[in-house]
Amino acid sequence: MASGVSVESAAIQGGIGCCKTSIHELEAASNSLQRSYQQAGSGGWKDQKYAALGGIVEECCSALTKPVSELQDCMGKLQDLLAAVQDYESTSL
C-alpha cells in the first residue's frame, strides 16, 4: 500500500451519494424539458418551428441522460471499493 494514503468508508459513501444525486438531477432535467415541450404542443403549438424545436429538445435530452450509464458504472466501482474498505476497517490487528 502506498504510504500516506487514507480512505474512509464515509468518503466513499459520499461519492456514491454524489453519483445518485447527479443521476437524479440529470434525469429530472431531461424529463422536465420533455414535459415542457409536450405541454407546448398540447396548447395548440404544432407548426414547423415546433417540429424543429422537437429535434433540439431530443438532442438536449439525449445529452442530459448520456452520462447516466457512466455514473452508474462509477457507483458500482465505488460500492466495490466501499466493501473492500469496510472489510479492512473491520479487521482488527
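Residues numbered from 1 in each chain as written. Predicted model: local features only at pLDDT ≥ 70, side-chain atom pairs only at ≥ 80, totals over all residues. Heavy atoms only, no water.

Caption draft 1: Up close: the overall build of the protein. Of the regular secondary structure elements, the protein holds two helices and zero strands. At 21 Å, the protein has a C-alpha radius of gyration far larger than the 12 Å of a compact globule built from 93 residues. Expressed as lengths along the three principal axes of its C-alpha atoms, the size of the protein is roughly 70 × 20 × 15 Å. In the protein, buried positions account for 19% of the 93 residues. Here the contacts in the protein between residues at least 6 apart in sequence split such that 81% fall between residues at least 24 apart. Per element, the accessible surface of the protein, about 6,800 Å² overall, is 54% carbon and sulfur. (Helix = DSSP H or I, 4+ residues; strand = E, 2+ residues; numbered from the N terminus. Rg over C-alpha atoms; globule rule 2.2 N^0.38 Å. Buried < 20%, exposed > 50% of the residue type's maximum accessible area, 1.4 Å probe, protein only. Contact = heavy atoms within 4.5 Å. Areas by Shrake-Rupley, 256 points an atom, 1.4 Å probe, with all protein chains shown as cover.)

Caption draft 2: Geometry of the nonpolar core. Counting 10 residues, the largest nonpolar core consists of I12, I16, C19, I23, V68, L71, M75, L78, L82 and V85. When residues of this core are traced back to their parent elements, those giving at least two are α1 (9-42) and α2 (48-90). For this core, the element with the most residues is α2, which contributes six residues. Among residues more than four places away in sequence, those in contact with C19 are L71, C74, M75 and L78. (Core = buried A, V, L, I, M, F, W, Y, C linked by side-chain atoms within 4.5 Å.)

Caption draft 3: Representation of the packing of aromatic side chains within the structure. Under the definition given, this model contains one aromatic pair. Between the aromatic rings of Y37 and Y50, the centroid separation amounts to 4.2 Å while the plane-to-plane angle is 5 degrees, which identifies the pairing as stacked. With a gap of 13 residues between them, Y37 in helix α1 and Y50 in helix α2 connect regions that are remote in the sequence. Y50 carries the same exposure label as Y37, and that label is buried. (Phe/Tyr/Trp six-rings, centres within 6.5 Å; stacked < 30°, edge-to-face > 60°.)

Caption draft 4: Seen up close, the packing of α1 against α2. Relative to each other, α1 and α2 sit at 165 degrees, their axes nearing to 8 Å. By the criterion of interaxial angle, the relationship of α1 to α2 is roughly antiparallel. Judged by the twist between their axes, the crossing of α1 over α2 is left-handed. Here the residues of the contact of α1 with α2 are counted per class, giving 25 nonpolar, 13 polar and three charged. (Axes fitted to C-alpha atoms, helices over the stretch in contact; angles between N-to-C directions. Parallel < 35°, antiparallel > 145°, perpendicular 65-115°, else oblique. Left-handed = near helix turned anticlockwise from the far one by under 90°. Nonpolar A, V, L, I, M, F, W, Y, C, P; charged D, E, K, R; others polar.)

Caption draft 5: Summary view of the environment of M75. Inspection of the secondary structure puts M75 in helix α2. Dropping the residues within four chain positions of it, M75 is found in contact with I16, C19, K20 and I23.

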